[in-house]
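A closer look at the structure
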Amino acid sequence: MQAFAQSNFKSESWDIDGIRHIFEPVLSYRYTPELDGDDAIISYIDRPTIANYLAPIDLEERRDTDTLVEEHKVRLELRNRIQTKSDDAFARNLARFSLSMDYLIDDHNTGDSISDLYSDFELTPAPWMAFSLFSRYDTEGGDLEEINTLAKKYFAPTNLHRISILPEENEQ
């Protein structure tokens, strides 16, 4: 399901020929059965890895299929895109913003039924320039867990600037 609105805004200096805003809410559900193999006979090959983003919800995108546990997962994503026409008749993203989080229907008494809230923002005001921001917010603890930024200037690889800010460890 998508909703969109359009405008005839133009800017020659930023190469903008009309603007379209697309809003796309996405609700996904995945049931994964627990493996019924004998761990003593076959050892695990691929294990879960630490990742900044939510783990893929589709099995074909996961490498850690050896260690799957039973889970019922619902993912809510709110995607926003602001686009313009490009010279080759395709749409070019001027901005992209998404919010996403998972809800585990059965958390197996871990108390972690809601994942962190992930936000991903990218601004591309011109075809040769991009800025992005990624953050991860702990919904239960109320802490900003991670924030990453990136500034890119295309066709000049020496002008790539990346800044990452990680929170300090809380002393217990």
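The structure this text deals with has already been given above.
So, here's what we can say about the structure.

**What to know about the environment of S11**
The residue S11 is located in strand 1 (residues 3–11) in this model. Within the structure, S11 has its side chain in polar contact with the side chain of S13 (distance 3.4 Å).

**Focus on the pattern of salt bridges**
If you walk through the whole model with that rule in mind, you get 10 salt bridges. K10 is the salt-bridge partner of D17, the closest N and O atoms lying 2.4 Å from each other. The exposure class of D17 is partly exposed, given its relative accessible area of 29%. Residue class for K10 comes out exposed when judged on its relative accessible area of 57%. In the salt-bridge network here, residues are joined through shared partners; they are E24, E77, R79 and R81.

**Quick word on the environment of L117**
Here L117 is to be found in strand 5 (residues 117–126). Setting aside its immediate chain neighbours within four residues, L117 contacts L99, S100, M101, S135, R136, Y137 and T139.

**What to know about unusual backbone geometry**
Despite not being glycine, D15 shows a phi value in the positive range, around 60°. Checked against the element boundaries, D15 lands in the loop between strand 1 and strand 2 (16–32).

**As for the packing of aromatic side chains**
Throughout the structure, instances matching the rule amount to two aromatic pairs. Ring geometry for F97 against F121: centres 6.3 Å apart, planes inclined by 65°, an arrangement best described as edge-to-face. Here F97 is found in strand 4 (residues 91–104), whereas its partner F121 is found in strand 5, with 24 residues between them in sequence. Arranged with centres 6.2 Å apart and planes meeting at 35°, the rings of Y118 and F134 form a pair that is tilted. Of this pair, Y118 sits in strand 5 while F134 is found in strand 6 (residues 129–138), placing the two residues 16 residues apart along the sequence. Each member of the pair Y118 and F134 is classed as buried.

**Here we look at the side chain of S100**
Note that S100 resides in strand 4. Its relative accessible area of 13% is what places S100 among the buried residues. When near neighbours in sequence (up to four residues on either side) are disregarded, S100 contacts L54, L76, E77, D116, L117 and Y118.

**Quick look at the environment of G142**
Along the chain, the position of G142 falls in the loop between strand 6 and strand 7 (143–153). Note on G142: relative accessible area 39%, which makes it partly exposed. In sequence terms G142 and D116 are 26 residues apart; their C-alpha atoms lie 9.7 Å from each other.

The rules behind the values
Residue numbers here run from 1 along each chain, matching the order of that chain's written sequence. The predicted origin of the model limits local features to residues at a pLDDT of at least 70 and limits the giving and counting of side-chain atom pairs to 80 or more, whereas totals for whole chains, interfaces and linings rest on all residues. Remark: hydrogens and water are excluded; side-chain values derive from all non-hydrogen atoms of the structure. Secondary structure is summarised from DSSP: a helix means a run of H or I of at least four residues, a strand means a run of E of at least two, and numbering begins at the N terminus for each. A 3.5 Å cut-off defines polar contacts: any pair of N or O atoms within that distance qualifies, except that in protein one atom must be a possible hydrogen donor and the other a possible acceptor, and neighbouring residues in sequence count only when both atoms are side-chain atoms. Only one rule defines a salt bridge in this text: a Lys or Arg side-chain nitrogen within 4 Å of an Asp or Glu carboxyl oxygen. For every residue, the accessible area (1.4 Å probe, protein chains only) is compared with the maximum for its type, and the residue is labelled buried under 20%, exposed over 50%, or partly exposed between those bounds. Throughout, a contact is declared for two residues whenever any of their heavy atoms are within 4.5 Å. Think of it this way: a Phe, Tyr or Trp ring, Trp meaning its six-membered ring, pairs with another when their centres are within 6.5 Å, and the plane angle makes it stacked under 30 degrees, edge-to-face over 60, tilted otherwise.

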